[in-house]
Number of protein chains: 2
Amino acid sequence: MVTICDVGPRDGLQNEPEVLEPATRAELVNRLAATGLPRVEAASFVRDDLVPQMAGAEEVAAAIEPREGVEYAGLVLNERGYERLLATRLDRVSCTFAATETFNRRNGNAGLDEAVERVQAIVARSERPSTVTISCAWGCPFEGAVDPAIVADLASRLDGADEVVLADTIGVATPRRVRELVERVRPAGVHLHNTRNTGFANAYVALEAGVTLLDASVGGIGGCPFAPRATGNVATEDLVYMLEGDGVETGVDLDALVRVAEWLEERLGRVLPGQVYRAGASTAA
Amino acid sequence: MVTICDVGPRDGLQNEPEVLEPATRAELVNRLAATGLPRVEAASFVRDDLVPQMAGAEEVAAAIEPREGVEYAGLVLNERGYERLLATRLDRVSCTFAATETFNRRNGNAGLDEAVERVQAIVARSERPSTVTISCAWGCPFEGAVDPAIVADLASRLDGADEVVLADTIGVATPRRVRELVERVRPAGVHLHNTRNTGFANAYVALEAGVTLLDASVGGIGGCPFAPRATGNVATEDLVYMLEGDGVETGVDLDALVRVAEWLEERLGRVLPGQVYRAGASTAA
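These lines cover the structure that appears in this document, whether it is placed above or below. The structure presented is a predicted model; accordingly, all values stated were derived computationally and were not measured.

1. Notes on the overall build of chain A
In terms of helices and strands, chain A carries 12 helices and 10 strands. Taken along its principal axes, the extent of the C-alpha atoms in chain A is 50 × 40 × 35 Å. Going through the 285 residues of chain A one by one, you find that 63% of them count as buried. With the model as given, the accessible surface of chain A reaches about 10200 Å², and the carbon-plus-sulfur share is 46%.

2. Focus: the pairing of strand β2 (residues 39-44) of chain B
All names here are of chain B. Taken across its six residues, β2 has six buried, putting it largely inside the fold. As judged from the two bridges shared by strand β1 (residues 3-6) and β2, these two strands associate in the parallel manner. Paired with Asp6 across the two strands is Val40, which belongs to β2. Pairing analysis gives five bridges linking β2 to strand β3 (residues 71-75), with the strands arranged parallel. In the sheet register, Ser44 faces β3, and the bridge partner there is Leu75. Between β2 and its parallel partner β3, the chain crosses via helix α3 (residues 57-62), and the hand of that crossover is right-handed.

3. Structural notes on the relation of the copies chain A and chain B
Superposing chain A onto chain B takes a rotation of 180° combined with a translation of 0.0 Å along the rotation axis, leaving an RMSD of 0.0 Å. These values place the two chain copies in the arrangement generated by a two-fold rotation axis. Every residue of chain A has its C-alpha some distance from the rotation axis, and the shortest such distance is that of Ala201 of chain A, at 1.9 Å. Comparing interface residues between copies, 100% of those in chain A also lie at the interface in chain B; the contact surface is shared.

Reading the values: rules and limits
Residues numbered from 1 in each chain as written. Chains lettered and ligands numbered in written order. Predicted model: local features only at pLDDT ≥ 70, side-chain atom pairs only at ≥ 80, totals over all residues. Heavy atoms only, no water. Helix = DSSP H or I, 4+ residues; strand = E, 2+ residues; numbered from the N terminus. Buried < 20%, exposed > 50% of the residue type's maximum accessible area, 1.4 Å probe, protein only. Areas by Shrake-Rupley, 256 points an atom, 1.4 Å probe, with all protein chains shown as cover. Pairing = 2+ DSSP bridges. Right-handed = clockwise from strand over helix to strand, strands pointing away. Least-squares fit on C-alpha atoms with pLDDT ≥ 70 in both. Contact = heavy atoms within 4.5 Å.

Pasting the structure below:
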């Protein structure tokens, strides 16, 4: 059994040009939860003026119709965000920082050590289960390839977190490098982008190497701010297709998930990167 | 060392709506060969009126500037096609048939046994090295999933061929099924489509299971006639990115290959499915 977390409503929509209303994002969350997905990243508690795609996190959270067996996560970047999440009924706190100095400075106005300390402070006090994602774990758009020893050291500083996830934020990893880092760091999960078409092979080897948690986004939304013509996260329905085809249980109703991708395509008004929803999930045409 | 055969000029362009002139197709072959690819499928010797995309195979062959170390293959479907290929300087004969009765009847006007006999007759008399591809080896658009025992039996009837390749023609295979069939049949290579985003994971496990030959098409062209909204073959440059990133030698200059994809995008006037040429091949942005 693999736990798939759909990050489409958060990491996906945050990196798409369209801004969907909180009600529509909550509907997306509810539709995803109804497919049997065990976890959905529903919102990000950031400043509305800085990230309009994520504005109204409280509205999104309030419009969620909680389902038995589904965990709803929210991303927080600082104590203020954590306080906001705590006032909602979201179940899980997600935090993140990057493995490189430059990425943290450019994206979070903090150096690497300060970013780690910020996250440590949140997970230390968190009253809800926490997941910490180390982004740029295989490569950074500013510093290039990342030394696995650095990622291992960073992960060792996250004792307070319930889960550590390694993210291939810009989609540069290849299977052997994924296997090596997963075997070294032993994270709970991986967050993979399909920017260079390696995302699904990387998911396959990460599972072989022992992870039990995979992030993915419905329709493969998410893009890549560092490569404007590139696609985004591994598509959830394509991941489910691969895993279920291999006999790995996900608990997800693939046909229902395909319908969510079709619904989202209509909302965004354009073809999404996910391929199963376009090609059809069944073997025979 | 893996041998990649770029089938873009044949399987790729044959399944795209545009019809490129023989001179342009020959230029594509020459550009691909210049990247270090060890093999290119250059043409198909079919009736010009039935497959206009492949019209003028002799013209394509005549305009090839042969390079040391590069093999140029041509597809033939019958004795007449074989005679035509023999009159050119192409190095290798490719033949194909499908693993199911219905696919052969619909696509080749012959039942399965007759299709196998046709191929046996060609490879038995061939004066040039031959490759036989069993298409629909994992699934058929008309008959659904294909029994591995049938594929194994078909492969055992191809003693005369120098190489057997198993093709996931409609892109339905998942990694475990690829591993099982490759371990059972022991083909020289696999021909994978990325229709449902499993193509690269499948390539990864096929190599682990022992194949040494991978088909791919530059830019991922090729589409899927049974799923009009779907993409085609695994993109050659994306495959090279994954393999070289893993330390597997391909002999291909990835930057040069990316430039061929860019050139082809201009010729076809639209974005191609390949992702590395859009995202950039280097780790840092």
